[in-house]
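Architecture at a glance
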Amino acid sequence: MGRPLLFVIFAGFLLGTIGGAALLLLNTDMQTSRVTTTGKALIGGPFSLVGKGGKEVTDQDFRGRHMLVFFGFTHCPDICPAELQVMASALEGLGPDAEKVVPILITLDPERDTPEVVTAYVVNFGPNFVGLSGSPESIASAAKAYRVSYQKFQDETMGDNYTIDHSALAYLMGPDGEYITHIPYGTPAPKMTETLGRYL
Ligand SMILES: [Cu+2]
């Protein structure tokens, strides 16, 4: 084996190692920032969506109150209704402090969940629930801001029907609109009450 070839092999090995390390670092960084609860977390931000009566609703409309934001869709068979029910119970557990929190469902399925559909749906969980829809673009940008991943899923057995796989975290945002914390799917209502109560 000639020298140049050896050198190429060595350089390739070195580059691969550096690249791998960089990827690892990047990955770790992404994971830690996702669970950051202090400092300025890069979760949330401005959104402009459509609510009750086709009215434009932005994040600014909720300043002065906390937002408890969940992304989902009304055709969801299990996760969304279960989570919205937990949110409702958790808020009930807060007593009068519940007034300080606006529970919000942002649909990931604007195709089927028109503002009428999503606002009618959330009332099942409480009169104070806000349902938001919007253009696919505005939904996508809100989801991106909250780091929500979602993907339409359809197979032959479903016909015209489809479902949406989505991440399921409830985000607590402060009266200034800044991210405070998130509560993972599966958290029991009393635990969510406790977490919310800590920040109100
Ligand atoms: Cu769902």
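Up top you'll find the structure we're talking about.
Residues numbered from 1 in each chain as written. Predicted model: local features only at pLDDT ≥ 70, side-chain atom pairs only at ≥ 80, totals over all residues. Heavy atoms only, no water.

Some details on the nonpolar core
With 51 residues, the main nonpolar core has L68, F71, Y146, Y171 and L196 as its most contacted residues. Elements with a contribution of two residues or more to this core: β3 (66-72), α2 (79-93), β4 (101-107), α3 (115-122), α4 (136-145), β8 (169-173), β9 (179-184) and α5 (189-199). Ranked by residues supplied to this core, first place goes to α2 with 6 residues. Apart from residues lying up to four places away in sequence, F71 is in contact with L105, I106, L108, A142, A143, Y146, V148, H166, S167 and Y171. (Core = buried A, V, L, I, M, F, W, Y, C linked by side-chain atoms within 4.5 Å. Buried < 20%, exposed > 50% of the residue type's maximum accessible area, 1.4 Å probe, protein only. Helix = DSSP H or I, 4+ residues; strand = E, 2+ residues; numbered from the N terminus. Contact = heavy atoms within 4.5 Å.)

Observations concerning the pattern of salt bridges
For side chains of opposite charge, pairing can occur when their charged atoms come near one another. Throughout the structure, instances matching the rule amount to 5 salt bridges. For D59, the salt bridge identified is with R63, shortest N-O distance 2.8 Å. (Salt bridge = Lys/Arg side-chain N within 4 Å of Asp/Glu carboxyl O.)

Quick notes on the coordination of the copper ion
For a metal bound by four donors in tetrahedral geometry, the ideal donor-metal-donor angle is 109.5 degrees, whereas six donors in octahedral geometry ideally sit at 90 or 180 degrees. Around the copper ion, the protein contributes the donor atoms C76 (SG), C80 (SG) and H166 (NE2), which lie 2.1 to 2.2 Å from the metal centre. The motif formed by the donor residues of the copper ion, counted along the single chain, is C-x3-C-x85-H. Remark: H166 occurs in strand β7 (residues 163-166) and C76 occurs in the loop between β3 and α2; sequence separation between them is 90 residues. As far as the burial class goes, C76 and H166 line up, both buried. (Donors = N, O, S within 2.8 Å, 3.2 Å for Na, K, Ca; no water.)

A closer look at α3
Among the residues of α3, those classed as buried are P115, V118, T119, Y121 and V122. Buried residues in α3, looked at end-on, bunch into an arc of 160°, giving them a common side. Contacts made by the buried residues of α3 are with β1 (48-50), α2, β4 and β5 (130-132). (Arc of directions from axis to C-beta.)

By themselves these figures say nothing about function.
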